[in-house]
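# Coordinates in review
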Amino acid sequence: MTLVLQAVVNGLEMGLVYALVAVGLAIIWGLMEMINFAHGELLMLGMFGAWWFSTTLHLDPLLAIPPVALVMFGVGRLIYTLLMRRVQRGETFAQIFATIGLFFFLQNSAVAAFTSDYRFVEGGLLSRLSGINLHLAGLSVGLPLLIAGALALVLFLALYLLVERTEFGLALQATSEDREAAMLVGIRPQRMFAVAWGLGAALVAVAGAILANFFAAYPQVGFPFTVLAYAIVALGGFGSILGTLLAALLVGVVQSVTVVYLPPAFKDAFVFASYLLIGLLRPQGLFGKF
Amino acid sequence: MAPAAEAPLLEARELHVAYGAGVRALQGVSVRVAPGEVVALVGANGAGKTTLLKTLAGLLTPVAGEVWFDGRRIDDVPAPDRPRLGMALVPEGRRLFSRLTVAENLALGAFTNADPAHRRRMLERVWELFPVLSARAGQRAGTLSGGEGQMLAIARALMLRPRFLMLDEPSLGIMPRLVDAILDVLRRLHREERLAIFLVEQNVPAALDLADRGYVLQTGRIVLEAPSRDLLASDLVRKAYLGL
Ligand SMILES: Nc1ncnc2c1ncn2[C@@H]1O[C@H](COP(=O)(O)OP(=O)(O)OP(=O)(O)O)[C@@H](O)[C@H]1O
Ligand SMILES: [Mg+2]
């Protein structure tokens, strides 16, 4: 029993970081309804950002978060204005192909810049704390993952407030519902889409910078995260930022509880099985608004 | 009254608008609306009324022709920049932000003017014009009744205090009592704020009762323009739109 509870706790911690991985996609795909198959590659760039920061500048990889967020916000905007804006009005296929192209471009650029070697972030606060556990009611909580989870939660809530409670967020929602009506009140849809892409890229790259403390960075690291993010956003429901958080926690827990009973290879199978099940029973997602 | 002599607030000159290569929806349409004037636009289904209003609002780009507003040519002004000039469109089918609340829809109506004093003034004015909306401030726009939704669509368009308001069939799908209430509000805005109104309306007698002047649009061309009284008496309007 404790074993299961322990797995649930671990899963919740991991789920918080997954939430940050998924929330960038929750904006681009869930809210603005645009496809991005290079989502995981933006995460990969964030990982390399943290790695470069810690090895070249000898600073804590966590300090890479603000610059990574800033640079990747610009990269996201650029991806929209240079690429996605041109394929936005056409078939969804155009968006799929454009972002698959982006996927190869980013991955191969990373190979050219960093080679395909596995890179490990070392010497940061989180790695120095590794092995330290907090004990509570017979359960132990790894301190590094707890810090990472808390960081993810804070960023997540900031985004939630931005989208749900500010007028800028209302304008994003209005644009996603009805571009023409948005223009009639003076909202510039292209600006909204560009900022949405900037936010999406920044958030997933920050998730990457955090994850770099736990996983090796290499150019092909991204794709599994893309798949995971799509599953979480669809599970949580379109247009629902908090739904994304809950779905991410669920995925984290399902993964880690599965591992208690079955070989690790099954953990993703169970995540996608529950995704398929919910897709059948509740196609709008668990908490979807539309 | 001689509105043609006064410099027009809005003027469209020889507008040609097409959808794709095939459908030529407007074929040389010219209209003008003077400051503070109420003008009706009537025409059968598919005549091009919505096309004309969308073109004036900048949502459609004309193939040829010019749009002037307040002495300035605005063809090149993108749609989102036009509300700030003082023009607003209440679109066909209301087009509310259905997942947002009534209050949030109104806030977005003033998106380009964040001045709190302006916002407060406009909200007070809108609550006064449409008291039912104030009782529904926290309700999602998608759950409003047809009449309430239309009121919100108009209220949202008023939030920047336009001088020129276009309305595309505001009475569509609304019970007659509410249609009267909405037309009364338009009459008040015209009288109290000298708001110029360009009104597309199926209910031709009601529209011409409110308007000083009217145009009849048929398959993309203006076929008649006259003061409302004369239009009501004309054979074309009596036969085609009043069923007499
Ligand atoms: N998006 C579109 N694509 C192609 N043709 C269109 C489009 N919108 C309108 N049309 C065509 O343009 C013409 C004018 O349409 P418009 O909607 O302006 O008419 P309307 O006078 O507003 O009609 P209604 O009274 O039914 O609202 C019609 O023949 C219509 O079929
Ligand atoms: Mg129409």
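In what follows, the accompanying structure is described. Values in this document were obtained by computation on a predicted structure and should not be read as measured data.

## What to know about the site of ligand 1
Residues and elements named next belong to chain B. Looking at ligand 1, there are 14 residues lining it, with Gly46, Lys49, Thr50, Thr51 and Glu92 nearest. The contact in question runs from an oxygen atom of ligand 1 to an N or O atom on the backbone of Ala47, over 3.2 Å. In this structure, an oxygen atom belonging to ligand 1 sits 2.9 Å away from a main-chain N or O atom of Gly48. Isolated, ligand 1 exposes 640 Å² of accessible area, and the fraction of that covered by the protein chains is 61%.

## A short note on the sheet that holds strand β4 (residues 64-69) of chain B
All names here are of chain B. Within the open sheet, the 4 strands sit side by side as β2-β1-β4-β5. Their pairing is antiparallel. Edge positions in the sheet fall to β2 (23-33) and β5 (72-73), since each of these pairs with one other strand and no more. Two strands pair when backbone bridges link them, and strand β1 (residues 10-19) and β2 are joined in this way by 8 bridges, in the antiparallel orientation. Looking at the pairing, Leu15 lines up with Val29 of β2. Packed on one face of the sheet, helix α1 (residues 49-57) meets β1, β2 and β4 and runs near 115 degrees to β1.

## Quick word on the packing of helix α1 (residues 2-31) of chain A against helix α11 (residues 241-261) of chain A
Residue and element names in this part refer to chain A. Where α1 meets α11, the axes come as close as 6 Å, and the angle between the chain directions of the two elements is 140 degrees. Here α1 is positioned oblique relative to α11, judged by the angle of their axes. The handedness of the crossing between α1 and α11 is right-handed. Across the contact of α1 with α11, the residue classes tally to 20 nonpolar, 7 polar and no charged.

## Quick word on the coordination of the magnesium ion (ligand 2)
Octahedral metals with six donors have ideal donor angles of 90 or 180 degrees. Tetrahedral metals with four donors have an ideal donor angle of 109.5 degrees. All names here are of chain B. Around the magnesium ion (ligand 2), the protein contributes the donor atoms Thr50 (OG1) and Glu92 (OE), at 1.9 to 2.3 Å from the metal centre. With Thr50 in helix α1 and Glu92 in the loop between β6 (87-90) and α2 (102-109), the pair connects residues that are 42 residues apart, well separated along the chain. The exposure class assigned to Thr50 is partly exposed, which follows from its relative accessible area of 21%.

## Brief notes about the pattern of salt bridges
All names here are of chain B. What the rule picks out here adds up to 22 salt bridges over all chains. The salt bridge involving Arg136 is made with Glu148; its shortest N-O contact spans 2.9 Å. Here Arg136 is found in the loop between α4 (131-135) and α5 (146-158), whereas its partner Glu148 is found in helix α5, with 12 residues between them in sequence. The salt bridge partner of Arg187 is Asp184, with a shortest N-O separation of 2.9 Å. Of this pair, Arg187 and Asp184 both sit in helix α6 (residues 176-193), separated by 3 residues, roughly a single helical turn. You can call Arg187 partly exposed: its relative accessible area is 26%. When its relative accessible area of 44% is taken as the criterion, Asp184 is described as partly exposed. Linked through salt bridges whose partners overlap, the residues forming this network are Glu11, Arg13, Arg32, Glu66, Arg73 and Asp75.

Conventions adopted
Along each chain, the written sequence defines residue order, and numbers are assigned to residues from 1. Chain letters and ligand numbers both follow the written order, the letters beginning at A and the numbers at 1. This being a predicted model, a pLDDT of at least 70 is required before a residue's local features are given, and a value of 80 or more before pairs of side-chain atoms are given or counted; all residues contribute to the totals for chains, interfaces and linings. Heavy atoms from the whole structure form the basis of all side-chain values; hydrogens and water molecules are not counted. For this purpose, a residue is taken to be near a molecule or strand whenever a single non-hydrogen atom of the residue falls within 4 Å of it. Polar contact criterion, stated in full: a pair of N or O atoms within 3.5 Å, where within protein one must be able to donate a hydrogen and the other to accept it, and residues adjacent in sequence count only if both atoms are side-chain atoms. Residue-level accessible areas treat just the shown protein chains as cover; the underlying method is Shrake-Rupley with a 1.4 Å probe. Strand pairing requires that DSSP identify at least two bridges connecting the strands. Helix and strand assignments follow DSSP, with helices taken as H or I runs no shorter than four residues and strands as E runs no shorter than two, numbered in order from the N terminus. Only heavy atoms enter the contact rule, under which two residues are in contact if any of them lie within 4.5 Å. Simply put, an axis is a line fit to the C-alpha atoms, just over the touching stretch for a helix, and the angle between two N-to-C directions goes from 0 to 180 degrees. Between 65 and 115 degrees an angle is taken as roughly perpendicular, under 35 as roughly parallel, over 145 as roughly antiparallel, and anywhere else as oblique. When the near helix sits turned anticlockwise from the far one by under a right angle, the crossing is termed left-handed; a clockwise turn instead gives a right-handed crossing. Any residue that is not Ala, Val, Leu, Ile, Met, Phe, Trp, Tyr, Cys, Pro, Asp, Glu, Lys or Arg is counted as polar, Gly included; the first ten are nonpolar and the last four charged. The donor definition counts N, O and S atoms within 2.8 Å of each metal and applies 3.2 Å to Na, K and Ca; water is not among these atoms, so some sites may look incomplete. To sort residues, take the accessible area from a 1.4 Å probe on protein chains only and compare it with the maximum for the residue type: under 20% means buried, over 50% means exposed, and anything in between is partly exposed. A side-chain nitrogen of Lys or Arg and a carboxyl oxygen of Asp or Glu constitute a salt bridge if their distance falls within 4 Å.

Shape descriptors only; they carry no functional weight alone.
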